[in-house]
Every structure is written in C-alpha cells, then in structure tokens.
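Observations on chain architecture
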Amino acid sequence: MIPIAIQQYLRRHRVPFERYAHARAVTATELVDVLNVPGWRVAKSVIVKANRQPWIVVVPALTTVDLRQVRDTLGVHTARLAAESEFVDHFPDCEVGAEPPFGELYGLPVAVDESLSLNERVLFRAGSHEEALELRFQDFARLEWPLVASFIQPPVSSERGSQDSYSSSMEGSGASA
C-alpha cells in the first residue's frame, strides 16, 4: 500500500494521481512486466551519494544510471550508488527498494533524466512493491522542481525504434526499483 504520508503530500499540493494495485514486483523490470506498459513510461528512483549528499535520481525503469553524468552535472568529485543502509532511514514508511521520487517529502534533492520529461504521464513506485502511482510529469515537476538533465547510460541500439530502446538496455543500476 502507498504510505499515507505520500497520499497526503500529493493531495495537500493538489496533485491528481491514480493508484495501480499489482502483483508483487521488486525490480523495475518486474514492475514494467506486471503493469504491462512500455519501460519508458515507468520511472525508478535510484539513491546516489554525490560527495556525501544523498540524491534521488529518477530514470526510466529499464535504464542504468550513468554515475559519470551524475558527477559532472552535479559538479561533485564523487558519485556512487548508495548502500541501502545509507538511505533506509530517509524513507521510514516505505518498503526498501520502493523509494518514491518525492524528495521534498523525504528531505532529499531530486534529479530526473530528461527523457522522462517527454512523457505526458509517468508511473512511479511510491513506497510499495504492490502498488504504483501515475501522475502527469508536469505535476511532478511543479511539485519537486527537480534538476533535469541526462543521467542514463546510452541505450543499446535497437531495430524497434528509439522508444523501445529503453527496454533493451540493462537495468543494472545496482539499486532495486
């Protein structure tokens, strides 16, 4: 179930959203499969330590975070995937691996891959491995004011076209989505 704090946060800011109950899905790939939607419509939150500051980096579900891009864009010396033990306390009401992209609510800065801004609506994990939520990207951007830039490794080329190329790249961001 989506934590009450997330639901209240969205309602307080008048952000309309839809909830989608689904079979348990721990990874981003599983979430795409159980929701039966293209991978580029689902966003995952990856927690990155940039220098010592944790960030929520939001990328398409089937892509991999490019830590060099994170480092260069944020202007920091180091960027690495955070260990669960380094961020679990920031999300006390969420299942580990289902961290939502709501940094304002959880006290973390948010960066989002620019490719997600091309979507009218985006599906997010919201603290649960059995329920997701969907909202308009513009509402998410208005709510979070994220840093928008390129944060993913280039997709593996695909004969199916650019939209499907997201699904052909590896998920291996090192963080469950």
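Below you will find a few notes about this structure. (Residues numbered from 1 in each chain as written. Predicted model: local features only at pLDDT ≥ 70, side-chain atom pairs only at ≥ 80, totals over all residues. Heavy atoms only, no water.)

**Focus: the pairing of strand E6 (residues 121–125)**
Burial analysis of E6 places four of its five residues in the buried class, which makes it a mostly covered element. In the sheet, E6 pairs with strand E7 (residues 131–136) via five bridges, with the strands oriented antiparallel. The residue of E7 that forms the bridge with Phe124 is Leu133. In this structure, the hairpin formed by E6 and E7 is closed by a connection of five residues, where Gly127 is found at a positive phi of approximately 90°. (Buried < 20%, exposed > 50% of the residue type's maximum accessible area, 1.4 Å probe, protein only. Helix = DSSP H or I, 4+ residues; strand = E, 2+ residues; numbered from the N terminus. Pairing = 2+ DSSP bridges.)

**Remarks on the packing of aromatic side chains**
Scanning the model with the defined rule gives seven aromatic pairs in all. Where Phe102 meets Phe124, the ring centres are 6.3 Å apart and the plane angle is 55°; that geometry is what we call tilted. Taken as a pair, Phe102 in the loop between helix H4 (84–87) and helix H5 (103–106) and Phe124 in strand E6 lie far apart in primary sequence, 22 residues in all. Taking the relative accessible area as the measure of exposure, Phe124 reaches 1% and is therefore buried. Consider the rings of Phe137 and Phe140, whose centres lie 6.0 Å apart with planes at 55°: the pair is tilted. Placement of the pair is Phe137 and Phe140 together in helix H6 (residues 137–144), with a separation of three residues, close to one helical turn. As far as burial versus exposure is concerned, Phe137 and Phe140 are alike and both buried. Chaining the aromatic ring pairs together yields one cluster made of Tyr9, Phe102, Phe124, Phe137 and Phe140. (Phe/Tyr/Trp six-rings, centres within 6.5 Å; stacked < 30°, edge-to-face > 60°.)

**Section: unusual backbone geometry**
One non-glycine residue with positive phi stands out, namely Arg14, at about 55°. For Arg14, the position within the fold is in the loop between helix H1 (4–12) and strand E1 (18–21). Classification of Arg14 as exposed rests on a relative accessible area of 70%. Even without being glycine, Trp145 reaches a positive phi, approximately 45°.

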